[in-house]
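Fold and contact review
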There are 2 protein chains.
Amino acid sequence: MVNLADVARQAHVSKMTVSRVLNHPEKVSVEVKTAVMAAIDLIGYQPNRIAKALVNHQNYVIQFLVLEDIDTVEPNYAILLLQLADVLNQKGYTLEISTIITDNDNIDGIIVSGWRQSDIIALEALSVPVVLYGESPIDHDMAYVDVDNRYGVKLATKHLIQTGYQKIIYIGMSVDLPFSNERELGYLDTMANNRRVSKVYNVDNHSHVAEKLIDNIMTQLSENTGVVCATDRIALGVVRALNKQNGVPEQYGVVGFDGVFIDQISSPQLTTIRQPFAQIAQSLVDHLFLQLEHGELGMQRIVPSLIRRDTTRA
Amino acid sequence: MVNLADVARQAHVSKMTVSRVLNHPEKVSVEVKTAVMAAIDLIGYQPNRIAKALVNHQNYVIQFLVLEDIDTVEPNYAILLLQLADVLNQKGYTLEISTIITDNDNIDGIIVSGWRQSDIIALEALSVPVVLYGESPIDHDMAYVDVDNRYGVKLATKHLIQTGYQKIIYIGMSVDLPFSNERELGYLDTMANNRRVSKVYNVDNHSHVAEKLIDNIMTQLSENTGVVCATDRIALGVVRALNKQNGVPEQYGVVGFDGVFIDQISSPQLTTIRQPFAQIAQSLVDHLFLQLEHGELGMQRIVPSLIRRDTTRA
DNA sequence: TTGTACGCGTTATCAG
DNA sequence: CTGATAACGCGTACAA
């Protein structure tokens, strides 16, 4: 292991100067700086994150707290996780994954996904900065990043209207969380604005449950109906049910929400609202550091986009 | 932050004694031990991983190296990643994710997935222990953990034979890697042992490509055929194609391989070979530490199991 | 069985 | 602008 002292020796300066070249380059003369950089290149010095952490009282570890059942976790969470790790890595941070809330001196901050209302109190009590993935409950002041759920479903609903579906229904998730409420509101708002009569169903987030729902209400479903779905999983089941008489996209239109994986492997491929996970991960990390470095609680809604594919008319 | 010294003060002993209670409890008297433990509980001491790392010249960081395109990474990799993080966490280790091979002083070991033959040389040259996820190429001596691919496909093939399908074909992946070769061999072996005529096709690992293949060869496909598929993605496409005339599982049987996610959301739900990712993750980590602590290169094949669902006869 | 002194690699402080 | 020194929290070697 080559360390600061080695570089210092090579460049004929003190350790402090080397450290400064790395951390406060503006406080050191140009000649010395270039000499030190050359020495660093020459002997292949890599700063030791551990020693740095010790003096700075930091850990360079961010915890990703998954409060949902890890076995049934959606692929989107997994993709978020990969992106997150990548962004953190760029900043020299490392990732710790946990499934339980616990106050831990060995981490610098927490990013939480899959939380429920009942977790919020415990999360607020934590001694390190926390950023929620998913909009914060109204009466709590916590940093969060979320996709703009309402806007996303508005896009979906408008798209169905514009492609000429007459009746438009919504199939949501039976959970009472901000994100699902927002999605429903996106539908209701758009319908109201366009003087359409709205109709909402709710199911658990499984394709087979959604399929069964459509099977059951199929007789009441007039042709030329559009179905806005709260998730791609639901959309998948809906398409299956509707296609038992080969109706998508001509007689029936379907739009999902998530835009990760399921939409691509399905047949026909789903028209969907895509969540930009790279952006979300970046924003999550940015807001964590905003809090870490400046104590500011930020929040951001990331704008999703419509991906037109084969379950709505061209 | 409460540290060793605080505990020592509370327990009226020296720091060293506290350290010993934690690391070499057998070298300290019972009374002192209990007193120290009480003090630790009382003031809520948590050992500082950073300071420990500094003296031990360790990082408590394991790198997970993903050499496949991170955007198209399969959900199974993601699930493996989650499990991995969990196992490491239990050992006080943290995760770093990388997509490029690089010699890095800030990690203690590397777990690699999605590697190709051409990566092996660079991986062997690394200065930290490496464990491959996926069987090592024959002429290289590297630690690896893999699901027993050959055995898995044997299970699949036998199952199709036992449930009475007459002709049995195999659809593999067009990549030349040990795991895909092993899967193909599992099919060929079983067919030979049962004096059956084998027939192998290869496609890219996408459901739509597999669907198209079946569409194309449908006329040559006699009824009562079983299809062994190298992945769930392929199986999904095969089922879709075959079901255009409603043939699964009566006229045609299909078995996939992976057992994560896709098999559950598909309709009908896929009969598949399940990879036990929790076990795989545990084994990957175990073998990494075997190398770290004892310099031993281990290898293990994890036994997968058949999940009977709705694409083969009962 | 228990304690003292020192060092791990880095950075902040303060002096030059 | 640059350098010497101390300190971060812990574990090892050695001493008592």
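Before reading on, note that the structure itself is shown above.
None of these values were measured; they are calculated from a predicted model. (Residues numbered from 1 in each chain as written. Chains lettered and ligands numbered in written order. Predicted model: local features only at pLDDT ≥ 70, side-chain atom pairs only at ≥ 80, totals over all residues. Heavy atoms only, no water.)

1. Quick word on the environment of Thr94 of chain A
What counts here: Counting from the N terminus, the helices are the DSSP runs of H or I reaching at least four residues and the strands are the DSSP runs of E reaching at least two. When a residue's accessible area, from a 1.4 Å probe over protein chains only, is under 20% of the maximum for its type it is buried; when over 50% it is exposed; and in between it is partly exposed. We call two residues in contact when some of their heavy atoms are within 4.5 Å. Nitrogen and oxygen atoms within 3.5 Å of one another constitute a polar contact, given that in protein one can donate a hydrogen and the other can accept it, and given that sequence-neighbouring residues count only through two side-chain atoms.
Counting through the fold element by element, Thr94 of chain A comes out in strand S2 (residues 94-98). Overall, the relative accessible area of 1% leaves Thr94 of chain A in the buried class. Sequence separation between Thr94 of chain A and Val61 of chain A is 33 residues, and the spatial gap between their C-alpha atoms is 4.7 Å. The residues contacting Thr94 of chain A, other than those within four sequence positions of it, are Arg49, Tyr60, Val61, Ile62 and Leu88 of chain A together with Val61, Thr94, Leu95 and Glu96 of chain B. Side-chain polar atoms of Thr94 of chain A contact the side chain of Arg49 of chain A, separated by 3.3 Å.

2. Points about the protein's contact with DNA strand D
Selection rule: Proximity is defined per residue: if any heavy atom of the residue lies within 4 Å of a molecule or strand, that residue is considered near it. Under the scheme applied, nonpolar residues are Ala, Val, Leu, Ile, Met, Phe, Trp, Tyr, Cys and Pro; charged residues are Asp, Glu, Lys and Arg; polar residues are all the others, including Gly.
Inspection of the region around DNA strand D gives 28 residues, with Thr17 and Arg20 of chain A together with Leu4, Met16 and Tyr45 of chain B positioned closest. When atoms of DNA strand D within 4 Å of the protein are split into backbone and base, the sugar-phosphate part holds 62%. Between DNA strand D and Asn48 of chain B, the relevant distance is 3.2 Å, taken from a phosphate oxygen to a main-chain nitrogen or oxygen of the residue. Of all the elements in the fold, those that place two or more residues in the surface near DNA strand D are helix H2 (15-23) and helix H4 (49-56) of chain A together with helix H2 (15-23) and helix H4 (49-56) of chain B. Among the elements that line the surface near DNA strand D, the one with the most residues is H4 of chain B, at five residues. A per-class count over the surface near DNA strand D returns 14 nonpolar, ten polar and four charged.

3. Focus on the relation of the copies chain B and chain A
For clarity, the cut-off: Copies overlap after least-squares fitting; the atoms used are the C-alpha atoms of residues with pLDDT of at least 70 in both.
Superposing chain B onto chain A takes a rotation of 180 degrees combined with a translation of 0.0 Å along the rotation axis, leaving an RMSD of 0.1 Å. Such values leave the two copies arranged in the relation of a two-fold axis.

4. Topic: the packing of aromatic side chains
Note the threshold: By convention, a stacked pair of Phe, Tyr or Trp rings (six-membered ring in the case of Trp) has centres within 6.5 Å and planes under 30 degrees apart, an edge-to-face pair has planes over 60 apart, and any other such pair is tilted. Only Lys NZ and Arg CZ are tested; either one counts as a charge over a ring when it is within 6 Å of the ring centre and within 35 degrees of the ring normal.
Scanning all chains against the criterion turns up seven aromatic pairs over all chains. The interplanar angle of 70 degrees and the centroid separation of 5.1 Å between the aromatic rings of Tyr60 of chain A and Tyr93 of chain A together place this pair among those described as edge-to-face. On the criterion of sequence distance, the pair formed by Tyr60 of chain A in the loop between H4 and strand S1 (61-66) and Tyr93 of chain A in the loop between helix H5 (75-90) and S2 is long-range, its members being 33 residues apart. Accessibility assignment for this pair places Tyr60 of chain A and Tyr93 of chain A in one class, buried. The ring of Phe289 of chain A carries the charged tip of Lys91 of chain A above its face, separated from the ring centre by 4.5 Å. Over the face of the ring belonging to Phe257 of chain B we find Arg183 of chain B, whose NZ or CZ atom lies 3.8 Å from the ring centre.

5. What to know about H4 of chain A
Where we set the bar: Regarding the arc, it is the one traced by the directions from the helix axis to the C-beta atoms.
Within H4 of chain A, the full set of buried residues consists of Arg49, Ile50 and Ala53 of chain A. Within H4 of chain A, the buried residues cover an arc of 95 degrees as seen down the axis, which keeps them to one side. Against S2 of chain A together with H4, strand S1 (61-66) and strand S2 (94-98) of chain B lie the buried residues of H4 of chain A. Measuring from the backbone nitrogen of Ile50 of chain A back to the side-chain oxygen at the start of H4 of chain A gives 2.7 Å, which picks out Asn48 of chain A as the cap. Two residues or fewer past H4 of chain A, His57 of chain A is found with a positive phi of approximately 55 degrees.

6. Quick notes on the pattern of salt bridges
Residue and element names in this part refer to chain A. Worth spelling out the cut-off: Should a side-chain nitrogen of Lys or Arg be within 4 Å of a carboxyl oxygen of Asp or Glu, the pair is scored as a salt bridge.
Going through the model one piece at a time under the given rule, you end up with 22 salt bridges over all chains. In this structure, Arg9 and Asp6 form a salt bridge, with 3.2 Å as the shortest nitrogen-oxygen distance. With a gap of three residues between them, Arg9 and Asp6 both fall in helix H1 (residues 4-11), about one helical turn apart. Note on Arg9: relative accessible area 56%, which makes it exposed. The exposure class assigned to Asp6 is partly exposed, which follows from its relative accessible area of 23%. Through salt bridges with shared partners, one network takes in Arg150, Lys154, Glu182 and Asp189.

7. Structural notes on the sheet that holds strand S8 (residues 225-229) of chain A
All names here are of chain A. The condition is simple: We call two strands paired when DSSP finds no fewer than two bridges between them. Angles run from 0 to 180 degrees between N-to-C directions of axes, and those axes are lines fitted to C-alpha atoms, restricted for helices to the stretch in contact.
Taken together, six strands build an open sheet; the order of strands is S7-S6-S8-S9-S10-S12 and the sheet is mixed. This sheet does not close on itself; its edge strands, each paired only once, are strand S7 (200-203) and strand S12 (305-307). With direction set aside, neighbouring strand axes in the sheet form an average angle of 20 degrees. Two elements, strand S10 (residues 271-274) and S12, share three bridges in a ladder whose sense is antiparallel. When the bridges of S12 are listed, Ile273 appears paired with Leu306.

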